[in-house]
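# Survey of secondary and tertiary structure
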Amino acid sequence: MSEFKVHHLVTELMEHLGSTASPEYFVENLQRAALTAASSTYNHATQSCVRQLAQNSPNPENFIAKYEELKTKNTDCLRPFVQLLSVISEDRKLKECLEKNARKSSAESHHVQMSVGNKSSSATDSKVISSVTTDDLPGIRSRLQKEVELALGKRSLPFSKRENQGKVRHPNYHSPVMPDWNFVRPNMNLDFVTDHSGPASFVAPLGAIPVCSQESMLLEDIIYCLEGAEGDYIVPCALQGPYEPRTFSIGDSVDPSLRELVKQILPLASHYSIVMRFIQEKNQFEYGQVNHALTAAMNMLIKDYMVLVAQLETAYHKSSFTLHKLWFFIQPTLHTMEILANIASTISKSGAKGGKVLSLLHERTSSYIGDPTGQELCLFLTQKACVPYMEILEKWVYKGVICDPYQEFLVEDNEVIQKEELPLDYSADYWEKRYTVRRERIPIFLEKVADVILRTGKYLNVIRQCGKNVKFPQAEEIVYTIKERRYVEAIEKAYHFASKTLLELLMQENDLMGRLRSVKHYFLLDQGDFIVQFMDSCEAELSKNIDDIVPTRLESLLELALRTSAANGDPYKDDMRTELLPYDLMFQMFKILSIETHEEKEYRLPSDKLHLLGLESFSFGYEVKWPVSLVLNRKAIACYQMIFRHLFYCKHVERLLCRIWICNKVAKSFALRAAKTYASAFALRQRMLNCVQNLEYYMMVEVIEPNWVVFLASINKVNNVDDVLVCHLDFLDSCLKDCMLTNPTLLRTVNKLMAVCVQFCHFIQETPPPSPELQGNIVGDSDSFEQSIAKFNLQFTAVLVGLLDKISELGRENNNEKLLNVLYRLDFNTFYTEQLERICADRSLVDTRKEETSG
C-alpha cells in the first residue's frame, strides 16, 4: 500500500470516528509497525482472538466451523481480520461508536432504500465493502489497537486486583499508589491472560494429525505455557480463586499417551503461574519491605527458570526433541518451582506480612532438614527476605530508632507527637506505653529475645531523648542463619551496652538515688524537724475548707519550712510542691482497690468537696525531669502521696492529742473531787496517744525503714533500668501493704479509729475547764461529761479491739509477722487480751452452730 493511500485511509477513518488529531502521527506509527511486525506472532495471537470471539459469540460452534472452513481454504488476510474483530469486540467504547455511526448511516440511506429497493441497497453495500481492500486491513488493525490502548476501559482484572480494590489501607500507611499498568495492559504480565467471565476455554482441534506431528505441536504449546502464554491446543482454565493452582484444558483429539505425559509436565506451568501472581501482587507498596525482598529473590530464580525455558526452545528448534526429553530436563526445576509455589500460596492465603512472613519461611526451612536442596533454597529465600527486617532491627538495637513505614517490625512506636510537646506527666506512661511489642509481628526465630530487643531500643531511645548521641561501638551486621546463636549474641551485646549506658546516665549524671532520698525525706516524714515546722505554720490554713484555702499561701509556707529546717541542705528541695486533691485518702484508696470489681462504680465520682478540709485533701507534689521521671513517674508519686497522706493525718491526730494534754494541765489546780472527774478523760487520752504513736512507729520504723534498707541492697545489684523499676515498685508495694493501706477492712478501721480520736479532741477542746469559784458546783454537770467520756471510751475500745482482732486473723492466715508487731505493741500488757479471747470464742460458737445447721 502506497504512503498516499495509507494517509488517505487514515484521514477518512479519523473523520468517521470524529477525531481531530493529526493523521501524520498515526501514519508514521502504522508504517513503523508494519516493518517491525513478525509473522510468528500472528499465529499465537490469532488462536487467542479466535477463542475470545468464540466465547463472546451467541453460537460458538458455528463460528469455529466457519473459521476452520476459511482456514482450510487459505483465505487471504484471515488472521488480521480475526484480530480486528477481536479488538472491536473487546473495546466497549469503539463498539458504541461504530453502532452510533451505523445508525446514522442507516438513517441517511433510508430514503434510498425505500426508492431503489433491496437489490439496489445490496449493491451499494457491496460497493462500500469492496472499497476496503486486503492491503488496508493491517493498517486498520493497527489503528484500532492504538485506540484500544488509549481507551479508558480496562479488561477484566485478575482476582488479586479485584481483592485489592476492596481493601482499605491502614491510616498510618503513606505508601505511594502503584500505577495500574499490569492490569490495564495484562500482556505486560509474565502470566497467562484469560477472561474469567466467559464460558469454558476454547481449545483448537488437532484433527487427523499423526501422533509424531502432534508431539511437535504439543511441544511448542508446552513451551508457550511454561512462559505464561497460552497455546493453541493447551489453554489455561479460569482460576477458581486468587491463590489457587492453575489448571489447563487439552484438546480431545490429542493422543492419550501424549496427553498423560503433558499432564505430568503442566504442573510446572501451574507453579510458575502461582509464583508470578505472587510476585505481581506483593510488589505493591502496602505489602511491606519483607514481601518486596522475597519477591526480588524469587525474581532472581525466575530468571534462571526463563533461561531454562529458552534452552528448551533452542533444543526444540535445533534437533529432535521429544516430550520425554523435556520431562527429563525439567525434573530439578520442577522441584524448585514446587517449593516456590507452596511458599507463595501459603503466604498469600494467610495474608502474612513482615515478621509473620519470616516465621513461615523459617518453619519451611526447618521442615526441609532431610532435603538439602530444598533447605538451601528456603534458606536463600529467608536470608533475602530478612534483609530489610534485620536493617530495621539493627537501627533499633544500635541507635534506638524505628524506621518501619509499613508496620512490620515487632516493636511499635506509639508516639504521635514529639516528647518535648507533651505535658509533664507524660513520662508516667512513657516507659510502658510508648514502645510496645506486637506479638503477631515477631519472627519465630526472634521470639526468645523479643523482650530484650524491646528494652535495648528503649534504653537507647531514652538516652537520645536526653540529648546524648550514643552509638554502639561494636556494631556488627545481623544476618539470619539456621543457628540462632550468632544473631542472638549480637543482640545481647547491644542490650548490655544500652542498659549499662542508661543506668550510668540515671545513677551518676542524674543522681537517681539522691532524688529518691529527697522524696523519702518529705513524703515518708524522714526529715522530722521539717514536718514539725511545716505543720506548725500550715495547720491553721489546712483546717479550713478546701475552697477557702489559698494555694499560693501554702507554697510560701512550704518554702519557709524548707529554708528554716534541716531540709535546707537538700539540693532538690526546690522541686517540692503542694497539692490539694479533690478527694480524701479513703476515697483514693478505695477507688484503686475497687478497680475491676462490682464496687468500682461507687468510686467514679469524687467525694463531696463542700465538706472536705484541707488536712484531708492536702498532699505534697514533686516535679521530676526527664529521664528520672521514668522511675519517679506519676504512678510512683501517687504511691508516695498515699503513704504521706496516711502518715500526715496520723501526725495531725497525734498533735491534737498532745495539745489536749497541754491544755489539761490546768486540772492540777482543781479540787480533788473535780480532778477525779477528768481522770477518765486523761486515761482515755493517754490510751489514744499511745495507740496513734505506736501506729506511727510501726509504719515508719518497722515498715518503711526496713523496706528502704532492702531496697538499697537490691538497687546495688541491678544491671538495667527495668530492674531499678522493679525494685522501686516492690518497695512501694511493700510499704503500702504493710502500712495497712491495701486492705479495705484495716484501712477503714484505722480511719474510724482516727475519727474517734479527733472527735474526742474536739469534745475536750469545746468543753472548757470550770473556774475556781464554780468548782463546788461542778457535780451537777459532771454526770453528762463523764457519760460522754464513757461513750468515747466504749467507741475507741470497740474499734481498737476490732482492729487487733482483724490483724490477728490476717497474721495467722498470711503468716505476716511484721503486721503482728502492731498487735504486740498495742496490747503489750494484755489489756485487750480478754476481749479478744471473748470475740474469738463467740466466733467459734457461731461457726459451730452454722456447721450443725448445715449438717
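Now for a quick tour of the structure.

## What to know about helix α20 (residues 450-465)
Under the 1.5 Å per step criterion, the end-to-end length of α20 is 23 Å for 16 residues, consistent within 8% with the ideal 22 Å. Here α20 lies mainly inside the structure; 13 of its 16 residues are buried. Following α20 by one or two positions, G467 adopts a phi angle in the positive range, close to 85°.

## Structural notes on the pattern of salt bridges
Throughout the structure, instances matching the rule amount to 25 salt bridges. In this structure, R553 engages E541 in a salt bridge whose closest nitrogen and oxygen atoms are separated by 3.0 Å. Of this pair, R553 sits in helix α24 (residues 551-563) while E541 sits in helix α23 (residues 528-542), placing them twelve residues apart in sequence. Taking relative accessible area as the criterion, R553 reaches 40% and is therefore assigned partly exposed. With relative accessibility at 6%, the residue E541 sits in the buried group.

## Some thoughts on empty space enclosed by the protein
Considering all chains together, one arrives at three cavities of 30 Å³ or more under this definition. Estimates place the volume of the largest cavity at around 60 Å³. In terms of lining residues, the largest cavity is bounded by ten residues, among which Y243, I274, R277, F278 and S348 are the most central. Elements with a contribution of two residues or more to the lining of the largest cavity: α13 (256-282) and α16 (331-350). For the lining of the largest cavity, the element with the most residues is α13, which contributes four residues.

## Overview of helix α30 (residues 721-738)
For α30, with 18 residues, the first-to-last C-alpha span of 26 Å sits near the 26 Å given by 1.5 Å per residue. Those residues of α30 not exposed but buried are V721, D722, V724, L725, C727, H728, F731, L732, C735, L736 and D738. A positive phi of about 65° marks M740, the residue just after α30.

## As for the packing of helix α22 (residues 512-523) against helix α29 (residues 679-715)
Contact pair α22 / α29: the axes reach a minimum separation of 13 Å and the direction vectors enclose 175°. With respect to α29, the element α22 is oriented roughly antiparallel. In this structure, α22 contributes M513, L516, R517 and K520 to the contact, and α29 contributes I704, E705, W708, F711, L712 and I715. Considering only residue class, the contact of α22 with α29 consists of seven nonpolar, no polar and three charged.

Rules behind the numbers
Residues numbered from 1 in each chain as written. Predicted model: local features only at pLDDT ≥ 70, side-chain atom pairs only at ≥ 80, totals over all residues. Heavy atoms only, no water. Helix = DSSP H or I, 4+ residues; strand = E, 2+ residues; numbered from the N terminus. Expected span 1.5 Å × (residues − 1). Buried < 20%, exposed > 50% of the residue type's maximum accessible area, 1.4 Å probe, protein only. Salt bridge = Lys/Arg side-chain N within 4 Å of Asp/Glu carboxyl O. 1 Å grid on protein atoms, 1.4 Å probe; cavity = no way out; pocket = protein on both sides within 12 Å on 5 of 7 lines; lining within 4 Å. Points joined across faces, edges and corners; volume = space filled by probe spheres on them. Axes fitted to C-alpha atoms, helices over the stretch in contact; angles between N-to-C directions. Parallel < 35°, antiparallel > 145°, perpendicular 65-115°, else oblique. Contact = heavy atoms within 4.5 Å. Nonpolar A, V, L, I, M, F, W, Y, C, P; charged D, E, K, R; others polar.

Any functional reading would require information beyond the geometric quantities listed.
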